[in-house]
Amino acid sequence: MRALVALLIALGAIVPAVTAASVLVIANLDTPPLDEDTLQKVYLGKVVEVDGHPIIPVNLAKGNVLRNAFMQQYLARDDEKFVAYWTVRRYIGQGTPPREFRTIEEQLEFVRATPGAVGYVDDSVGIRQGLRTLFRKP
Amino acid sequence: MKSLVAQSLLCAALLASIHAIAAPEFAITGYGTLGYARSDEDFRYLRYIDRDGTLKADSLLGLQLEARFDPKWSATVQVVASAPRTRDSGYEAAIRWAFVGFRPENDWLLRFGRLRPPVLINTQNAEVGVTYDQARLPAEVYTLSPVYDVDGAAFTKTWTTAGAEIALDGYWGTTKINYRLPFQRFVDQQYFPEKIDLAGLVLSRSSETLLLRAGIHRATLMARGDVPFSQAIEPVSIPAPPPFGGDLYVRSGVADRIHVTVLTFGADWRLQDWRITGEYGQRIVNDVNYGVDSRSAYLTAARSVGKWTPYVTYARLLSGNEVRALYRALNGTPVPLAALGPPLFLPASYHSILADHVIAYDQHSTMLGASYSFSATSKVKIEWMRTRVGLVSALVDGDVHDKSFNVYSVSYSFAF
């Protein structure tokens, strides 16, 4: 019983830490500024350029805790709905979902090297040179 | 097979030409359905469903190769393995889509190649079972056209307003098919080779809770083989007292093409856990009097309960008055005895044979089913459907009139 209580306490300590993570939306230095509504449209495939500059959104792989937090905080939907949305959109010929990366490091590398790229990290990621921070939540 | 190779080469050439623009990013995705359906009758419904049960009515596997060159340019090729469209036996793999997509700006999407326009709400994703809850989209409406894929071009222009998006889709293209003629009393299954030119405009308004759609489409059918279209089936009077004389129905005139105007309206309303979907389709044919003039509609009410989504659907398909009257007249008029002998030597069943070439529909179905969603890309569905054939239905193989039957379906759909 004690072990169970300890496990629950431990889980309680972990879960708030994850859900409360600050999600920073970052971009390549050449990516133009976006407002939050535009960011949502970029991830839903409705906006592909801003002021003539191509915008390339990227995502972390399905199941990543940070991805779930990004979906909730910036796209106002859970990951299941996001996947369902893109499954339909993909198979009605309206585009492809954002490219996915397995790790934050891979994503950062891509965003840093790709003009127009937009991604996200949590604020524990200290190395953000060569990147622009677009939004920070909460 | 030759056709598939030719299509593949065409796609490769298309992709190679785009490859020159930029290094592409490739993605291979896919979807599939393993579906089993059986009815409680010996005759076949939707080509395959009968008392013996079948996997062929709903099962398929699709693979999609996407190449994204930059946010504006992309290319897509989709191959689907399923029951064949040009015969009833075996399986086939066919290229459904092979198009290049170009978004010159946010509000425009242009596509060139083999593509599928948004005729009905689920036309484009009809084969991707995981994207809707029904075990089978209502055949009464979704068989408006025997084919929805065209080789041509399409555009989508989008306007964004507060809380809603308005889209105008336009397309034009051509396709070649083998049209399956009604298969009722005579055992020779026939496919009629046709070339179809298609063009249409579809206006949609979508918000978080409501999708409204209206479309007008124009199909021009041309016979590809040696046999042209007849203009009409009409009676000629043999001037003698019955049963020696009377009306003898004959094919008259030749139509080098048949124009079909199709009107579509649809609404999809989501309110919390509820989803109400309804669509209407009408085919208008003025060039010939033996089909496929019809009206059809369905209404589905579904409610999400956790991972379950139970639903009920009612669907109706009815041919135009003139077509049904012709079908009745052919079956109700005996062949005059004078026509059985020289010089015509017609069989006594001649009018029945002609009637079987009238593409007539009079059926309605009620579906009660549920889907269970394991995830956004994995879904199991079960359904009980009760279909009533009135005068006749070209979707049923057999001499079936004023009869109800049941179809039981279970399927698993996925995407990856």
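Because the structure is predicted, anything quoted here is derived from the model rather than measured.

Visitor: Where do I start with the overall build of chain A in this structure?
Guide: From N to C terminus, chain A includes five helices and seven strands. Secondary structure elements of chain A, listed N to C terminal, follow the sequence α-β-α-β-β-β-α-α-β-α-β-β. Counting only residues that meet the buried cut, chain A has 49% of its 138 residues in that class. Nonlocal contacts in chain A, meaning residues at least 24 apart in sequence, comprise 69% of its contacts between residues at least 6 apart. For chain A, the exposed surface amounts to about 6,800 Å²; the carbon and sulfur share of it is 59%.

Visitor: Any chance you could explain the environment of Gly119 of chain A here in plain terms?
Guide: All names here are of chain A. As for its placement among the helices and strands, Gly119 is situated in strand β6 (residues 117-122). Distance from Gly119 to Gln129, taken between C-alpha atoms, is 14 Å for residues 10 residues apart in sequence. In this structure, Gly119 is in contact with Leu24, Val25, Ile26, Tyr43, Val58, Gln107 and Val111, ignoring residues within four places of it in sequence.

Visitor: Whenever I open this one, the packing of aromatic side chains confuses me. Can you help?
Guide: Describing an aromatic ring pair means giving the distance of the ring centres and the angle of the ring planes. Counted under the stated rule, the structure contains 20 aromatic pairs over all chains. Here Phe70 of chain A and Tyr120 of chain A contribute two aromatic rings whose centre-to-centre distance is 4.1 Å and whose plane-to-plane angle is 10°, an arrangement assigned as stacked. Separated by 50 residues along the polypeptide, Phe70 of chain A in helix α3 (residues 65-75) and Tyr120 of chain A in strand β6 bring together distant segments of the chain. The exposure classification of Phe70 of chain A matches that of Tyr120 of chain A, with both residues buried. For the pair Phe192 of chain B and Phe229 of chain B, a centre-to-centre distance of 5.5 Å together with 40° between the ring planes defines the contact as tilted. With Phe192 of chain B in strand β9 (residues 191-206) and Phe229 of chain B in strand β11 (residues 229-238), this pair connects stretches of sequence that are 37 residues apart. Judged on exposure class, the residue Phe192 of chain B and its partner Phe229 of chain B are both buried. Three or more aromatic residues joined by ring pairs make a cluster, and in this case those are Trp308, Tyr372, Phe374, Tyr412, Phe414 and Phe416 of chain B. Taking the ring centre of Tyr74 of chain A as reference, the NZ or CZ of Lys137 of chain A above it sits at 4.8 Å. The side chain of Arg111 of chain B reaches across the aromatic face of Phe99 of chain B, ending 5.3 Å from its centre.

Visitor: I'm lost on the nonpolar core in this one. Help?
Guide: Here is a general trend for soluble globular proteins: nonpolar side chains tend to be buried in one another's company. Core analysis: the largest hydrophobic core is formed by 75 residues, its most contacted members being Tyr45, Ile233, Ile258, Tyr290, Leu330 and Val358 of chain B. Ranked by size, the runner-up nonpolar core spans 36 residues in total, among them Val23, Ile26, Ala117 and Val118 of chain A.

Visitor: For this particular structure, what's the right way to read α3 of chain A?
Guide: The periodicity of an α-helix, 3.6 residues per turn, causes residues three or four places apart in sequence to face the same way. If you check which residues of α3 of chain A are buried, you get Leu66, Arg67, Ala69, Phe70, Met71, Tyr74 and Leu75 of chain A. Two to three positions downstream of the cap, the backbone nitrogen of Leu66 of chain A sits 2.8 Å from a side-chain oxygen, assigning the N-cap of α3 of chain A to Asn64 of chain A.

Visitor: Can you walk me through the interface of chain A and chain B in this structure?
Guide: The parts lose accessible area when they come together, and the size of an interface is often stated as this lost area. At the junction of the two partners, chain A supplies 25 residues and chain B supplies 33 residues. Carbon and sulfur atoms make up 52% of the area that chain A and chain B hide from each other, which totals about 2,200 Å². The interface formed by chain A and chain B contains 12 residue pairs in polar contact (both at pLDDT 80 or more). Among the elements that line the side of chain A that touches chain B, the one with the most residues is helix α4 (residues 79-91) of chain A, at eight residues. For the side of chain A that touches chain B, the residue count by class is 12 nonpolar, five polar and eight charged.

Visitor: Can you walk me through the side chain of Asp397 of chain B in this structure?
Guide: Residues and elements named next belong to chain B. Within the fold, Asp397 resides in strand β19 (residues 396-397). Its relative accessible area of 8% is what places Asp397 among the buried residues. In terms of polar contacts, Asp397 uses its side chain to reach the side chain of Arg180, at 2.8 Å. With sequence-adjacent residues up to four places away left out, Asp397 is seen in contact with Phe43, Arg44, Arg47, Arg180 and Phe183.

Visitor: Sorry if this is basic, but what is going on with empty space enclosed by the protein here?
Guide: Rolled over the atoms, a probe as big as a water molecule pinpoints where empty space is left. Within this structure, the stated rule accounts for three cavities of 30 Å³ or more. If you go around the largest cavity, the residues you meet are Asn122, Tyr132, Asp133, Gln134, Asp268, Arg275, Thr277, Thr300, Ala302 and Tyr311 of chain B. Sorting the residues of the lining of the largest cavity by element identifies β14 (274-285) and β15 (294-303) of chain B as the ones contributing at least two each. Residue composition of the lining of the largest cavity, by class: three nonpolar, four polar and three charged. Here the second largest cavity is characterised by a volume of approximately 40 Å³. Along the walls of the second largest cavity sit Tyr91 of chain A together with Tyr31, Gln78, Trp97, Arg116, Gln124, Glu127 and Val128 of chain B, which together make up its complete lining. By residue class, the composition of the lining of the second largest cavity is four nonpolar, two polar and two charged.

Rules used throughout
Residues numbered from 1 in each chain as written. Chains lettered and ligands numbered in written order. Predicted model: local features only at pLDDT ≥ 70, side-chain atom pairs only at ≥ 80, totals over all residues. Heavy atoms only, no water. Helix = DSSP H or I, 4+ residues; strand = E, 2+ residues; numbered from the N terminus. Buried < 20%, exposed > 50% of the residue type's maximum accessible area, 1.4 Å probe, protein only. Contact = heavy atoms within 4.5 Å. Areas by Shrake-Rupley, 256 points an atom, 1.4 Å probe, with all protein chains shown as cover. Phe/Tyr/Trp six-rings, centres within 6.5 Å; stacked < 30°, edge-to-face > 60°. Lys NZ or Arg CZ within 6 Å of the ring centre and 35° of its normal. Core = buried A, V, L, I, M, F, W, Y, C linked by side-chain atoms within 4.5 Å. Polar contact = N/O pair within 3.5 Å; in protein donor to acceptor, adjacent residues only side chain to side chain. Buried area = accessible area lost by both parts, 1.4 Å probe. Nonpolar A, V, L, I, M, F, W, Y, C, P; charged D, E, K, R; others polar. 1 Å grid on protein atoms, 1.4 Å probe; cavity = no way out; pocket = protein on both sides within 12 Å on 5 of 7 lines; lining within 4 Å. Points joined across faces, edges and corners; volume = space filled by probe spheres on them.

Function-wise, these values are silent; they only describe arrangement.
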